[in-house]
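Structural description and commentary
Okay, here's what each chain looks like letter by letter:
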Amino acid sequence: MLVGAVKRYGSGQSTVVALDDVTIAFPAGKFTAVMGPSGSGKSTMMHCAAGLDQLTTGRAFVGNTDLSTLDDRALTMLRRERIGFVFQTLNLVGTLTAEENICLPLTLSGRRPSDGVLDQVVSMLRLGDRMRHRPAELSGGQQQRVAIARALVARPHVVFADEPTGNLDTRSGQEILGYLRSAVDKHHQSIVMVTHDPNAAAWADHVVFVVDGRVHDVMDRPSADSVLDVMKGLGR
Ligand SMILES: Nc1ncnc2c1ncn2[C@@H]1O[C@H](COP(=O)(O)OP(=O)(O)OP(=O)(O)O)[C@@H](O)[C@H]1O
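Residues numbered from 1 in each chain as written. Predicted model: local features only at pLDDT ≥ 70, side-chain atom pairs only at ≥ 80, totals over all residues. Heavy atoms only, no water.

**Considering the overall build of the protein**
Of the regular secondary structure elements, the protein holds eight helices and 10 strands. Its C-alpha atoms give the protein principal-axis dimensions of about 50 × 45 × 35 Å. The burial tally for the protein puts 48% of its 236 residues in the buried class. For the protein, the proportion of contacts with a sequence separation of at least 24, taken over those separated by at least 6, is 64%. Surface accessibility of the protein: about 11,500 Å² in total, with carbon and sulfur atoms responsible for 47%. Averaging the positions of the 25 positive and the 25 negative side-chain charges in the protein gives two centres separated by 3 Å. (Helix = DSSP H or I, 4+ residues; strand = E, 2+ residues; numbered from the N terminus. Buried < 20%, exposed > 50% of the residue type's maximum accessible area, 1.4 Å probe, protein only. Contact = heavy atoms within 4.5 Å. Areas by Shrake-Rupley, 256 points an atom, 1.4 Å probe, with all protein chains shown as cover. Lys, Arg positive; Asp, Glu negative; His and termini not counted. Charge placed at Lys NZ, Arg CZ, Asp CG, Glu CD.)

**A closer look at unusual backbone geometry**
The backbone of D21 shows a phi angle near 65 degrees, a positive value even though the residue is not glycine. Inspection of the secondary structure assignment puts D21 in strand β2 (residues 16-24). A positive phi is found at E163, a non-glycine position, where the angle reads about 50 degrees. On the secondary structure map, E163 appears in the loop between β7 (158-162) and α6 (170-187). The buried category is assigned to E163, whose relative accessible area is 14%.

**Here's the deal with the pattern of salt bridges**
For the structure shown, the criterion picks out eight salt bridges. A salt bridge links R59 to D66; the nearest nitrogen and oxygen atoms lie 2.6 Å apart. Judged by relative accessible area, which is 7%, D66 ranks as buried. Salt-bridge contacts for D205 lead to R181; the nearest nitrogen and oxygen are separated by 3.2 Å. Highlighted residues: D205 in the loop between α7 (198-201) and β9 (206-211) and R181 in helix α6, separated in sequence by 24 residues. Through salt bridges that share partners, R126, R171 and E175 make up one connected network. (Salt bridge = Lys/Arg side-chain N within 4 Å of Asp/Glu carboxyl O.)

**As for the site of the ligand**
Neighbouring the ligand are Y9, V16, A18, P37, S38, G39, S40, G41, K42, S43, T44 and H196. At a separation of 2.9 Å, an oxygen atom of the ligand approaches a polar backbone atom of G39. Between an oxygen atom of the ligand and a side-chain N or O atom of K42, the distance comes to 2.8 Å. Expressed as a share of its isolated accessible area of 640 Å², the protein-covered part of the ligand is 59%. (Near = heavy atom within 4 Å. Polar contact = N/O pair within 3.5 Å; in protein donor to acceptor, adjacent residues only side chain to side chain.)

**Quick word on helix α4 (residues 117-124)**
Buried within α4 we find V117, L118, V121, V122 and M124. The buried residues of α4 occupy an angular sector of 165 degrees when the element is viewed end-on, so they sit on one face. What points out from α4, more than 90 degrees from its buried face, is the exposed set D119 and S123. Elements in contact with the buried residues of α4: α3 (98-108), α5 (140-153) and α6. Of the residues one or two after α4, R126 is the one with positive phi, at around 50 degrees. (Arc of directions from axis to C-beta.)

**A short note on α3**
All of the buried residues along α3 are A98, N101, I102, C103 and L106. Contacts from the buried residues of α3 go to α4 and α5. In the stretch just after α3, G110 is the one whose phi turns positive, near 70 degrees.

This is how it looks when you write it as structure tokens:
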């Protein structure tokens, strides 16, 4: 959740206001899509909400925890224990196999995947025969699926995903959206997903439209058509 969130980059004449007084809740156990024109502040909003970047002013909460009250170590722990990430820069570790990458957040906090969860995630993402490969030996889409498996396998409270289906064919994209949906419906995880695709946004419970660093609109129970209409109205 962001309260009165402002994020400025740079100073003086070259200042960019990426978030301009944003207050928005990402409700627990819900699937939120974030849409808006290029450069409108979507990634900045996610990074600040996930504690990967600091606000200039305002507050960011994960659950009841005010991120500004945490030191670096506590922030790292919170991210590791409670948050999963799927970002465009996949951050897979080149020297580790797919399986080691997927389990890395758990390994770092001294845990192991719960029974069956690893198998379930790996088979859903059709990575079963790729688990011993390193990232360089995988296609772009397979790397994307490894990053998604890594975000899901620890069953974090919140998953932040930036264009998670961006590099995927339609079938794999639909499967991943279905799995994100079931993570919400079956396991009460919260998903916050940036997307440019109205069909992907239609899987969410609601869509937050961001324009020029502000929340322009929030739509409940979106359909691909209703999302497209709003996007057209934004003229982009
Ligand atoms: N590290 C940075 N330094 C300076 N300006 C930045 C930085 N990161 C983002 N910006 C600027 O902040 C604004 C918002 O960027 P952001 O990446 O959040 O937009 P976005 O909606 O995610 O865009 P896209 O859909 O193209 O990924 C843009 O004007 C961008 O140029």
